[in-house]
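Structural description and commentary
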Amino acid sequence: MAVPVAFFALFFAYPVTAIVGRGLRTGGDWQFGRIGEVLGRPDILDVLWFTTWQALASTALTLLIALPGAFVFARFDFPGKQVLRAVVTVPFVLPTVVVGTAFLALLGRGGLLDELWGVRLDTTVWAILLAHVFFNYAVVVRTVGGLWAQLDPRQEEAARVLGAGRFAAFRRVTLPALAPAVAAAALMVFLFTFTSFGVVQILGGPAYSTLEVEVYRQTAQLLDLPTAAVLTLVQFAAVGAILAVHAATVRRRERALKLVDPAGTSRRPRGPGQWALLGGVLLTALLLFLVPLGVLVERSFDGPGGYGFGYYRALQSAGSGGSSTFLVPPLEAVGNSLRYALVATLIALVVGGLAAAALTRRAGPLVRGFDALLMLPLGVSAVTVGFGFLITLDEPPLDLRTSWILVPLAQALVGVPFVVRTMLPVLRAVDDRLREAAAVLGASPLRAWREVDLPLVRRAVLVAAGFAFAVSLGEFGATVFIARPDNPTLPVAVARLLGRSGELNYGQAMALSTLLMLVCAVSLLLLERIRTDRSGEF
């Protein structure tokens, strides 16, 4: 626990505490009365209510749509499976401003629905909910599907032989085994939608505002740090309560499971019902993912003189379109993002792997509090974290403002919770008797972990690495504060282009977004191939 605790204390608790302190202190004295004043305002209460209920609705809708997809990816073999798995993960790394713009083109004035049927969904909560499902579908598919693929199907088949119906066998055998993974996925989806920013700001308009949007507005537009500090504390309290409930309920359901080679649990669909389920999942992927992503690609080629590569060629020049905010060509952001994401993934795997191992071997209130600490970065404003980095890590021995490592550190903060939540259910499912047998035969704890745990959790490690890499590629909220102008990341470069007027800047933003989408898809396809090649070694 020492390394994860030190990492979070230095790069999360310290910057966030400094920001909150600046907002609640006046002349060296704490002004806690401001908390009651802010929370008593009707506009703030409306923000809190909308933030909570839209997160609950988004989580429920995501689970409803994504759980069939998790089953299909875990149990069925079909042509293009690896490509489709990468496609549904790509949205998770796209900057929220880009996805919001794509959905606006589909659902807003002059969009696809408006042209075909005269229907507009922008400035409605339905547009927000659909965009949240678009983002978080992969969280459920990979977290739940990763464990589902390793469950022995013969256990459910045995229940069927003993007289249980198909639904009863699933409810009594498979669902209890999947409960920890489902709860972990639901927790991550809720935290992401609870702190939603870009989607709500673009699709919701002035009528809807989440805590994250309000923190940004109070900080960047109104310069009201006391109100922003109170809202940050509210996020802390809400996330802490959610994690406490999660730790108290889910931990009791986790148990040792018989995990098998996932290559032996999948097969081609049989019967009209299974083919219909596969067709429904493919149709959902087409409508929910390929259409919005297709809009991005189409706009990246649709130049003033017709379709072509004009916007892509313009990315090679630092001053194209008057983009003086770039000291280097925007295309260099591709290499920067890949380097930062690789380093951030390595940091997240080390910190998150140690944390997951500690949570597996220990129990008690201290460990439950440690588990909650690991999830806090997902529920705290990224604006607060990024601004905190600037005002705290500016003096020796931690003067990192000019160091390249600052960006991977911020990205790893968001990647660690995904590593922990992906690995923990699988680690806890490993039968302790296997470790005890290794110890009886003379293996040290380290060798027992290497020989027993690691072969069984290798799949989860690769899934966790994919999540960490994807999250690092698309992290924007904190990175926008700390990325240097001569080393921008892809999301930061896209946001800068979208923030400037002109058709050329908008077209370059679409082209850069398409490159980000392709980089992520290729990376995830490589990860899928490595994972599949090694799955037979379990």
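All values reported here derive from a predicted model rather than from experimental measurement.

1. Focus on the overall build of the protein
Assigned secondary structure in the protein consists of 23 helices and six strands. Each of the 538 residues in the protein was classed as buried or not, and the buried ones make up 53%. Taking the intrachain contacts of the protein between residues at least 6 apart in sequence as the baseline, contacts between residues at least 24 apart amount to 80%. Accessible area for the protein stands at about 22,600 Å²; split by element, carbon and sulfur atoms hold 64% of it.

2. Some points on the environment of Phe192
Position of Phe192 among the secondary structure elements: in helix 9 (residues 166-194). The spacing of Phe192 and Val380 is 188 residues in sequence and 9.8 Å in space, taken between C-alpha atoms. When residues no more than four places from it in sequence are discounted, the contact partners of Phe192 are Phe92, Asn136, Leu378, Val414 and Phe418.

3. Here we look at helix 18 (residues 406-429)
Between its terminal C-alpha atoms helix 18 stretches 35 Å, which fits the 34 Å expected from 24 residues at 1.5 Å a residue. By the criterion of burial, helix 18 is predominantly enclosed, with 24 of the 24 residues buried.

4. Concerning the confidence of the model for the protein
Any segment with low pLDDT has predicted coordinates that should not be analysed in fine detail. Residues at a pLDDT of 70 or more form 88% of the protein, whose mean pLDDT is 79. Helix 3 (residues 42-75) holds the highest mean pLDDT among the elements of the protein, 90, whereas strand 2 (residues 29-30) holds the lowest, 69. The low-confidence segment residues 534-538, where pLDDT is below 50, has twelve contacts with residues more than four positions distant or belonging to other chains.

5. Some remarks on the pattern of salt bridges
For the structure shown, the criterion picks out three salt bridges. Among the salt bridges present, the one from Lys81 reaches Asp77, with a minimum N-O distance of 3.7 Å. Accessibility expressed as a relative area gives 12% for Lys81, which makes it buried. Judged by its relative accessible area of 31%, Asp77 is partly exposed. The closest approach of N and O atoms between Glu451 and Arg450, which form a salt bridge, is 3.8 Å. By relative accessible area, Glu451 is classed as partly exposed at 48%.

6. Things to note about a positive patch on the surface
A cluster of basic residues, Arg160, Arg166, Arg267 and Arg270, forms a positive patch on the protein surface. Among the secondary structure elements, Arg270 is positioned in the loop between helix 12 (225-250) and helix 13 (271-301). Residue class for Arg270 comes out exposed when judged on its relative accessible area of 57%.

7. Description of the environment of Ala495
For Ala495, the position within the fold is in helix 22 (residues 490-498). Sequence separation between Ala495 and Ala509 is 14 residues; the distance between their C-alpha atoms is 7.6 Å.

8. Structural notes on the nonpolar core
Within the largest apolar cluster, 159 residues are counted, with the highest numbers of intra-cluster contacts made by Phe7, Phe8, Phe12, Val144, Phe389, Phe418 and Leu512. Apart from the residues within four sequence positions on either side, Phe418 is in contact with Phe92, Val139, Met188, Phe192, Leu378, Phe467 and Val471.

9. Some words on the packing of aromatic side chains
As enumerated under the stated definition, the model contains 17 aromatic pairs in all. Geometrically, the ring pair formed by Tyr137 and Phe289 is edge-to-face, given 5.0 Å between the ring centres and 70 degrees between the ring planes. Taken together, the residues Tyr137 in helix 7 (residues 125-148) and Phe289 in helix 13 connect sequence positions 152 residues apart. Assigned by exposure class, Tyr137 and Phe289 land together as buried. Connected via pairs of aromatic rings, a cluster forms that spans Phe103, Phe134, Phe135, Tyr137 and Phe289.

Thresholds, definitions, all that
Residues numbered from 1 in each chain as written. Predicted model: local features only at pLDDT ≥ 70, side-chain atom pairs only at ≥ 80, totals over all residues. Heavy atoms only, no water. Helix = DSSP H or I, 4+ residues; strand = E, 2+ residues; numbered from the N terminus. Buried < 20%, exposed > 50% of the residue type's maximum accessible area, 1.4 Å probe, protein only. Contact = heavy atoms within 4.5 Å. Areas by Shrake-Rupley, 256 points an atom, 1.4 Å probe, with all protein chains shown as cover. Expected span 1.5 Å × (residues − 1). pLDDT = per-residue confidence, 0-100. Salt bridge = Lys/Arg side-chain N within 4 Å of Asp/Glu carboxyl O. Patch = residues over 30% accessible without salt bridge, like charges linked within 9 Å, V, L, I, M, F, W, Y side chains within 5 Å. Lys, Arg positive; Asp, Glu negative; His and termini not counted. Charge placed at Lys NZ, Arg CZ, Asp CG, Glu CD. Core = buried A, V, L, I, M, F, W, Y, C linked by side-chain atoms within 4.5 Å. Phe/Tyr/Trp six-rings, centres within 6.5 Å; stacked < 30°, edge-to-face > 60°.

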